[in-house]
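# Architecture at a glance
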Amino acid sequence: MQKKIQSALISVFYKDGLEPIARKLKELGITIYSTGGTQKFLEDLGIACVAVESLTTYPSILGGRVKTLHPAVFGGILGRRYEAQDLAEMKEYQIPEIDLVIVDLYPFEETLKNTNEEKLIIEKIDIGGPSMIRAAAKNFRDITVIAAKEDYASLENLLTTQRGETSIEQRKSYAAKAFEVVMKYDIAISNYFNPVQQQVLRYGENPHQQAVFHGDLTALFTQLNGKELSYNNLVDVDAAVALISEFPVKDSVVFAVIKHTNVCGIASRATTREGWDAAIAGDPESAFGGVLVCNHTIDKATAEAISEIFFEVLIAPSFDADALEVLKSKKNRILLQFSNNTALLKSPSKSLLNGVLEQDADTGNFSKWEEVGGRVTTEAEKEDLIFGNLVCKHLKSNAIALIKNKQLVGKGCGQTSRIDALRQAIEKSKQFRFDLKGAVLASDAFFPFNDCVQIAHEAGIEAFIQPGGSVRDKDSVAYCVEKGLAMVMTGMRHFRH
């Protein structure tokens, strides 16, 4: 639907780039309505304007705060040319039709950069500008709206090549841009009144990278000791908190060690000290410089044992006073008292390519418990399989977790094949002298062949847990049935990139 521009309302803060458009409007015989500084700018160029005040019958008042907020202006913008009632009312109240709106916004963000004086900042909150832009964009069936000088060139070209006519597609495109301009403007104002918490970090993932954390860590933690959290600390702390949130305090003491977002040691025991001893035993080498997390109070005995190794961060819900005294002996050692996991993001997101991926959090352990092997799991195996499936969920894919007596005794993660992850897990268990007889195996995804089950069985493992759901499940299931091994299918895959 083509529309001929016959009248334009121009009210802009920045005048640069406006002259060629104004001269083209004059050339096409288009009536121009304007006000204030824009009117003076145009008249100084020899371009005649109709003062907005002649429509409203009111001068600019309240120090310029009220100029265009009037039915004579907004009626001309919002009036629907395809509605007889609108046209009749516009005629009755002598409201002229406005076909083109060129409006920009007061420089709110620029003002913020240049001053902290609230009075000056508040006066740069535009009211009439966003209102006219939104009105014109809403009525795109009849109105062309230009809300940023970046679109001046395309408008000038349109006026030249189409002699002041616009298509519905062009008007709708300009309207979309206009709403985006107003949205970003409103967000900037909202952020001024509701400051977004952000922390400039020492550096990013590597020293040559700059980084900023946007968020309020105090909603999650109280930092009791240590230096400022680094980018890599935050990434590992996030992984640690996600892991420990799987294990409610009421169930048992769980202690874990995180390194580069992977679990390198975890165990469930009766006391905090026992939990630490079992967790560190799983991979004492990888624990160096790691992030430690526990779902119970850190006591003095545990604090003394932990202090024997170098670690970056320790997270716990509480610390005994004498434990804090031990732990604070190292001034850079970061101690976080975790207080509120309800503040964790429920929809994690990740920027990539030219956009953002967002998904629901990977909550839960399994959606079913289907025993498909050659025998049913024992109670002890079942407990280890449930524990191991949660641990495996927090290893990078492809991932295998070997569990015995609720202790991680071998793990393989971040491998390009599941069989490599298994071999890595078995080698880790051998390195730290664990006997895999009686251990169980958790996999983050299905076994495409029976080779993993066979290799694990030869190492002493007799119970397996995996998501299942593949047409190739039959191979690994058949092996378990033949050998009398237990296998559980959960119906829930836990990939982690």
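Described in the following lines is the structure provided in the data block. (Residues numbered from 1 in each chain as written. Predicted model: local features only at pLDDT ≥ 70, side-chain atom pairs only at ≥ 80, totals over all residues. Heavy atoms only, no water.)

### Some remarks on the pattern of salt bridges
Summed over the entire model, instances satisfying the criterion amount to 23 salt bridges. Notably, a salt bridge pairs Asp277 with Arg273, separated by 3.0 Å at the nearest N-O pair. You can see Asp277 and its partner Arg273 sitting in helix 12 (residues 272-281), four residues apart, about one turn around the helix. Arg273 gets classed as partly exposed once you look at its relative accessible area, which sits at 34%. Lys428 is the salt-bridge partner of Asp283, the closest N and O atoms lying 3.0 Å from each other. A residue pair is termed long-range when its members are at least 10 positions apart, and Asp283 in the loop between helix 12 and strand 13 (290-294) and Lys428 in helix 16 (residues 418-431) qualify at 145 residues. Side by side, Asp283 and Lys428 carry an identical accessibility label, which is buried. Taken together, the shared-partner salt bridges in this structure form one network comprising Lys24, Glu27 and Arg163. (Salt bridge = Lys/Arg side-chain N within 4 Å of Asp/Glu carboxyl O. Helix = DSSP H or I, 4+ residues; strand = E, 2+ residues; numbered from the N terminus. Buried < 20%, exposed > 50% of the residue type's maximum accessible area, 1.4 Å probe, protein only.)

### Comments concerning the environment of Ala240
Positionally, Ala240 belongs in helix 11 (residues 231-244). You can call Ala240 buried: its relative accessible area is 0%. In this structure, the C-alpha to C-alpha distance between Ala240 and Ile47, residues 193 residues apart in sequence, is 67 Å. When neighbours within four sequence positions are excluded, Ala240 is seen to be in contact with Ile258, Val291, Val293 and Ile315. (Contact = heavy atoms within 4.5 Å.)

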